[in-house]
Amino acid sequence: MNEIERECLRSLLKIPESIYEQMKNGKIPEIQIATRTKHNIEFSEDSGVWVYGSRKSVRSAKSVKGAFQLLKMAYVIGFLKEQLKTNKSSTLRELYYISENWDIAKFNEQPESDRLIEDLEIITSFQREHFHIRPEEDGATVVGPIKIREETRRGYREIHCQDDVGEGGYQIPVNVDKIEFLEHDAKFVIAIETGGMRDRLIENGFDEKFDAIIVHLKGQPARSTRRLLKRLNTELNLPVVVFTDGDPWSYRIFASVAYGSIKSAHLSEYLATPSAQFVGIRPSDIVKYNLPSDKLNEEDIKALNSILSDPRFDTEFWKSEVKLQLELMKKSEQQALAKYGLDYVTDVYLPERLSEMGVL
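No experiment lies behind these values; they were computed from the predicted model shown.

Visitor: I would appreciate a short explanation of the side chain of Asp207 in the present structure.
Guide: Looking at the element boundaries, Asp207 is found in helix H6 (residues 206-209). One buried charged residue, Asp207, forms no salt bridge at all, with the nearest opposite charge on Arg198 at 10 Å. Among all residues touching Asp207, those that are not within four sequence positions of it are Val143, Gly144, Pro145, Gln162, Leu201, Ile202, Ala212 and Ile214.

Visitor: What is the right way to read the side chain of Gln110 from this model?
Guide: One can find Gln110 in helix H4 (residues 110-124). You can call Gln110 buried: its relative accessible area is 17%. A distance of 2.7 Å separates the side chain of Gln110 from the side chain of Arg93, its partner in a polar contact. Sequence-distant contacts of Gln110, that is, excluding residues within four places in its chain, are made with Leu92, Arg93 and Tyr96.

Visitor: What's the story with unusual backbone geometry in this structure? I'm lost.
Guide: With the exception of glycine, the majority of residues adopt a negative phi angle, and the majority of peptide bonds are in the trans configuration. With an omega of 5°, the peptide bond between Gly280 and Ile281 qualifies as cis. Its location among the elements puts Ile281 in the loop between strand S15 (277-280) and helix H10 (283-288). With a phi close to 50°, Asp211 is a non-glycine residue in the positive phi region. Within the element layout of this structure, Asp211 appears in the loop between H6 and strand S13 (212-216). When its relative accessible area of 23% is taken as the criterion, Asp211 is described as partly exposed.

Visitor: Quick question: what am I supposed to make of the sheet that holds strand S14 (residues 240-243) here?
Guide: Backbone-to-backbone hydrogen bonds join strands into a sheet, with any given pair of strands oriented parallel or antiparallel. Spatially, the six strands line up as an open sheet ordered S10-S7-S13-S12-S14-S15, and their pairing is mixed. Edge positions in the sheet fall to strand S10 (170-171) and S15, since each has one partner strand and no second. Strand direction decides the pairing type here: strand S12 (residues 188-192) and S13, joined by five bridges, are parallel. Residue pairing across strands places Ile192 opposite His216, the latter belonging to S13. Strands in contact with helix H13 (residues 344-356) are S12, S14 and S15; relative to S15, the strand with the most contacts, it is inclined by about 145°.

What counts as what
Residues numbered from 1 in each chain as written. Predicted model: local features only at pLDDT ≥ 70, side-chain atom pairs only at ≥ 80, totals over all residues. Heavy atoms only, no water. Helix = DSSP H or I, 4+ residues; strand = E, 2+ residues; numbered from the N terminus. Buried < 20%, exposed > 50% of the residue type's maximum accessible area, 1.4 Å probe, protein only. Lys, Arg positive; Asp, Glu negative; His and termini not counted. Salt bridge = Lys/Arg side-chain N within 4 Å of Asp/Glu carboxyl O. Contact = heavy atoms within 4.5 Å. Polar contact = N/O pair within 3.5 Å; in protein donor to acceptor, adjacent residues only side chain to side chain. Pairing = 2+ DSSP bridges. Axes fitted to C-alpha atoms, helices over the stretch in contact; angles between N-to-C directions.

Next up, the structure:
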């Protein structure tokens, strides 16, 4: 183990040690953890991102449910301890299946084990990558004028993300802190929600014409993708813009990039890019460009109203756009711009919008 992993293990072991000391002193064991709701996030002036506030939730053995939570946490910590000591790793999915051998401590469903790993991140201030836990999903991709050096298990390799990759681009690894930026000719980074729009920009040569690094978010972006955007912004001083569909779920995708997600607010300083800007599709675009659209459903309406009470969206821009969408009762996709031809998005919409935003 390296020093960071040793410190991580020490932090993990403090949890069962605390439970043991409480029991030794005749107390019912409990642990406190930050409450993970939008009502317990606050803006950090120091880092410019949204983090957890002072509200705490208690996991206590006073109830049967609480006792099982503490038991399962102890089992997971034991598993992570062995994993760190033997330099092994596992996925979130594998952890869930491994618990099948834990008798009464096994998890009923994977979201339960996923949440427990998040609890441990909050308590210890370490990331799951330090626990040697990785996600299941494939990485998103990057195409653009940047050359990187990647550390692999067989050594290092250098990759130019235009010249040395296929049409899909360079696949972002789980741990992007093992990537070194060597050189680039980029002027900005554009993060795109859908694969179809990513392919459109690449086919039309948007990355070459505008010196843009194109990052495919693959829907709600993985932590590795958000970390890469953060690094491109802070280390290379590149503006980051986010291009999504025009619906509440897509606005939340932007929020996870710019503000940090609610469930991982403990990682906002590590993952969020607060200077990221939203390109569109905006509700006002539906009107301005007379875009083909679909009617909002009940879940969309509920999500939009939730956004209005979300402190991360407490700006005139977002309040105005969301209220307009609720009036229109419409949502629209990125591909709706194809109404004006396949080149319209790269030749007209994005250049005009990015110029308005001061990016081009």
